[in-house]
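Chain by chain, the residues run as shown.
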Amino acid sequence: MCGIVGVVGKNDATTIILNGLKRLEYRGYDSAGIYVAGDESHLVKAIGPIKNLEEKLDTTITGTMGIGHTRWATHGKPTVANAHPHTSQNGELVLVHNGVIENYDELRQTYLATDHFYGQTDTEIAVHLIAHFKNTGLTTKAAFKKALAVIDGSYAFALVDTKDSETIYVAKNKSPLLIGLGEGFNVLCSDALAMLDQTNRFVELTDGEMVTLTADNVTIENAAGEIIKRDYYVAELDASDIEKGTYPYYMLKEIDEQPVVMRKIVQKYQNDDGSVAIDQNLLTSLKNSDRIYIVACGTSSHAGWAAKKFFETLTQIPVEIHLSSEFGYNMPLLSEKPFFIYLSQSGETADSRQVLVKTNELAYPSLTITNVAGSTLSREATYTLLLHAGPEIAVASTKAYTAQIAVMAVLAKALGVEKGISAALQFDLFHELSLVASAMETMINEKESLAELTADYLTDTRNAFYIGRGNDYYVSMEAALKLKEISYLQAEGFAAGELKHGTIALIEEGTPVIGIITDAVTGPHTRGNLQEVTSRGARTLVIATEDLAKADDQILLPTVHPLLSSLLAVVPTQLIAYFATLQRGYDVDKPRNLAKSVTVE
Ligand code: F6R
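Rules used throughout
Residues numbered from 1 in each chain as written. Predicted model: local features only at pLDDT ≥ 70, side-chain atom pairs only at ≥ 80, totals over all residues. Heavy atoms only, no water. Helix = DSSP H or I, 4+ residues; strand = E, 2+ residues; numbered from the N terminus. Rg over C-alpha atoms; globule rule 2.2 N^0.38 Å. Buried < 20%, exposed > 50% of the residue type's maximum accessible area, 1.4 Å probe, protein only. Contact = heavy atoms within 4.5 Å. Areas by Shrake-Rupley, 256 points an atom, 1.4 Å probe, with all protein chains shown as cover. Expected span 1.5 Å × (residues − 1). Arc of directions from axis to C-beta. Near = heavy atom within 4 Å. Polar contact = N/O pair within 3.5 Å; in protein donor to acceptor, adjacent residues only side chain to side chain. Nonpolar A, V, L, I, M, F, W, Y, C, P; charged D, E, K, R; others polar. Patch = residues over 30% accessible without salt bridge, like charges linked within 9 Å, V, L, I, M, F, W, Y side chains within 5 Å. Salt bridge = Lys/Arg side-chain N within 4 Å of Asp/Glu carboxyl O. Lys, Arg positive; Asp, Glu negative; His and termini not counted. Charge placed at Lys NZ, Arg CZ, Asp CG, Glu CD. Domains from an automatic or database assignment. Buried area = accessible area lost by both parts, 1.4 Å probe. Pairing = 2+ DSSP bridges. Axes fitted to C-alpha atoms, helices over the stretch in contact; angles between N-to-C directions. Phe/Tyr/Trp six-rings, centres within 6.5 Å; stacked < 30°, edge-to-face > 60°.

**Describing the overall build of the chain**
Each helix and strand counted, the chain has 19 helices and 25 strands in total. The C-alpha radius of gyration computed for the chain amounts to 25 Å, which stays within 12% of the reference 25 Å derived for 601 residues, consistent with globular compactness. Expressed along its principal axes, the backbone C-alpha trace of the chain runs to roughly 80 × 55 × 45 Å. Here the chain, with 601 residues, has 59% of them falling under the buried criterion. A separation threshold of at least 6 residues defines the contact pool for the chain, and within that pool the share at least 24 residues apart is 71%. When the accessible surface of the chain is split by element, carbon and sulfur atoms take 48% of a total near 23,100 Å².

This is the structure:
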């Protein structure tokens, strides 16, 4: 979703900002803009990819301070007028914004009734509002503060006064923003990845804080105006982690990285004596709970479903999975001692965060499982477990999904052992995860045949179905999401037994139906359902584990521990989505309308 970068105190601000914006491209955007202060100030905006912005820029104009923005449209279409930065009516103030100003209409009516606006964005109202307060005789900083006091909603703001080329004002509330520290310069960014080539020292901001940034000073103030001292942290990422290398797309690289991620999780969560390394306080808190609520969105919620069965088997604690966007506003009747697990690759998803804020108010214990250390959900939950999957850049999540399942398995094993559950005591998780890693490699080496099958089954169709039962149903939901979000085929994942209760009406001559079979008990039933759709003209394709396969099955999975079968079954479906997208000529990494980090509700 929207991305912000800025720099003060370093030559060639234009290049630094452009490079930073390119590194934020993965978040999803539909327009971009830049403001650089120099001898000749430069404000340029363009719709479409960053290269359109580059083409419009006069790169001979550069300076030592500037801000840049990638916009994912919320209020108003992706047009140049709506792209950021926005300026005040007299052009003196320049602002970029990530988030949503909820009371923008009220602010316009109260303070800006006679102002003229070029676009439809809530951000334009914010910069006019700051100018309005400045016109009453306040300094830029005081006017900014006064505006923040009346703005409701989420924001990461970077504000520049064109008469002062040495200061950037920054504020944050519910939207991610970091300050990066350099030698003789400072930067700001929505994600550390954007500025890793400049620094690896970052300072986190908390909600309601405002920062005054100059080349050699960073002053953080809270809403009451008190100065806040905060240490920096060193980002453990390396700039090379976010390079594609020889891969044509990040998604393919990230699919291929899954075996390595499985091994990394084994390495990170295993003590020297082979036991599981999990914080004892977290285990005690979980042990004291009577029900676990997994709250997540999209692919992360599917990872929650994939974890449900092994979690209940190994820990004997009931697990419920909830969509964040539903849970916050329709909270079910909770058990007496609930424990909340937030699954979020980015750790920034606004839908999940709004639930966390509520469960924190109710003083319930919580755990965030995320790929991003220091992310908002990580900071605000009681505990954090990291995925150690390395940055995931492709919008379609692959390695974070499997890493979430694997880390949930680590947690289930540790908790089951803590509770003395025999299924957990007998489960050699780290060994099983190593077998999964090798089996994933086998599947990944099958790329060529998967590309051929995809071309055969999915070229001439406008829809496709995945079906399965139990864990295979949960993988079907994820497989269908992957296929639809990047190839734009209408794809659905169904519980195989439900087809005959309605969905089978959609089956026509040639409709592709992909069955997933990894469970000895439910496999024969799913095969029965595949027969039912074949009789009605469907073209079926079967993904089955070797031990359950029939002679005609097209995709064979090496057999792994049944509790972990989802980790493997999803891999061919990720590759099918990848190839279907390539074959249709779409951008695999940047599907239309989607953002990687969804920071608005
Ligand atoms: C789809 C995908 C999304 C995310 C969802 C939640 O491939 O990645 O469905 O899973 O937007 O994001 P996180 O995990 O960052 O909370």
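So, next bit.
**A word on helix α16 (residues 447-458)**
If you check α16, its first and last C-alpha atoms are 16 Å apart, about what 12 residues at 1.5 Å a residue would give, namely 16 Å. Buried residues of α16: K447, L450, A451, L453, T454, Y457 and L458, and no others. Down the axis of α16, the buried set is contained in an arc of 165°. They therefore lie on one face. Those residues of α16 that are exposed and angled more than 90 degrees off the buried face are E448 and E452.

**Some remarks on the environment of Y578**
Structurally, the position occupied by Y578 is in helix α19 (residues 565-584). Sequence spacing of Y578 and A396 is 182 residues, and the spatial spacing of their C-alpha atoms is 9.6 Å. Setting aside anything within four residues of it in sequence, one finds Y578 in contact with P248, Y249, M251, L252, I255, I486 and V588.

**Details of the site of the ligand**
Contacts to the ligand come from 13 residues, most closely from S300, S344, S346, T349 and E485. A distance of 2.6 Å separates an oxygen atom of the ligand from a polar atom in the side chain of S346. The contact in question runs from an oxygen atom of the ligand to an N or O atom on the backbone of S397, over 2.9 Å. Isolated, the ligand exposes 400 Å² of accessible area, and the fraction of that covered by the protein chains is 89%. If you list the elements that add at least two residues to the shell around the ligand, you get α9 (298-315) and α17 (471-487). For the shell around the ligand, the leading source of residues is α9, giving 3 residues. When the residues that make up the shell around the ligand are grouped by side-chain class, the tally is 3 nonpolar, 8 polar and 2 charged.

**Some words on a negative patch on the surface**
Together, E102, E106, D152 and E601 make up a region of like negative charge exposed at the surface. Take E601: it is sitting in the segment after α19.

**Some words on the pattern of salt bridges**
Pairing between side chains of opposite charge can happen when their charged atoms approach one another. The final tally for this structure, using the stated rule, is 26 salt bridges. A salt bridge links K596 to E392; its shortest N-O distance comes to 2.7 Å. Of this pair, K596 sits in the segment after α19 while E392 sits in the loop between β20 (383-386) and α13 (399-419), and the two are 204 residues apart along the sequence. You'll find K596 and E392 in the same group, each marked buried. Each of E92, K134, D161 and K163 takes part in a single network of salt bridges with overlapping partners.

**A word on the domain arrangement of the chain**
Entries for the chain in the domain assignment read domain 1 (3-246), domain 2 (247-444) and domain 3 (446-601). Across the boundary between the two partners, domain 1 contributes 12 residues, which contact 9 residues of domain 3. When the buried surface of domain 1 facing domain 3 is broken down by residue, Y26, R27 and W72 rank first, second and third, together holding 51% of it. Inspection of the region where domain 1 meets domain 3 yields 0 salt bridges.

**A word on the environment of T398**
Considering the arrangement of structural elements, one finds T398 in the loop between β20 and α13. Relative accessible area serves as the criterion here: at 0%, T398 is assigned to the buried category. In the structure, T398 is positioned 214 residues away from G184 in sequence and 39 Å away in space, judged by C-alpha atoms. When sequence neighbours within four positions are dropped, the list of residues in contact with T398 reads M251, E254, I255, Q258, E392, K482 and Q574.

**Examining the sheet that holds strand β24 (residues 539-545)**
Pairing is parallel across the open sheet formed by 5 strands, whose spatial order is β22-β21-β23-β24-β25. Of all the strands in the sheet, just β22 (490-495) and β25 (555-557) have a single pairing partner and so form its edges. Recorded for the sheet is a direction-independent mean angle of 20° between the axes of neighbouring strands. With 6 bridges joining them, strand β23 (residues 512-517) and β24 adopt parallel strand pairing. Bridging across to β24, I514 finds its partner in L541. Of the strands in this sheet, β21 (463-468), β23 and β24 are in contact with helix α18 (residues 523-534), which crosses β23 at around 170°. Contacts between α19 and the sheet are confined to β21, β23, β24 and β25, with β25 contributing the most and set at about 145° to the helix.

**Quick look at the side chain of H86**
Considering the arrangement of structural elements, one finds H86 in strand β5 (residues 86-87). A distance of 3.4 Å separates a polar atom in the side chain of H86 from the backbone oxygen of A83.

**Side note on the packing of aromatic side chains**
According to the stated counting rule, one finds 15 aromatic pairs in the structure shown. Ring plane angle 45° and centroid distance 5.6 Å describe the contact between Y473 and Y474, whose orientation is recorded as tilted. Overall, Y473 belongs to the partly exposed group, its relative accessible area being 25%. Under the relative-accessibility criterion, Y474 is labelled buried at 15%. Put simply, the rings of Y293, F327, F340, Y342 and Y364 pair up and form one aromatic cluster.

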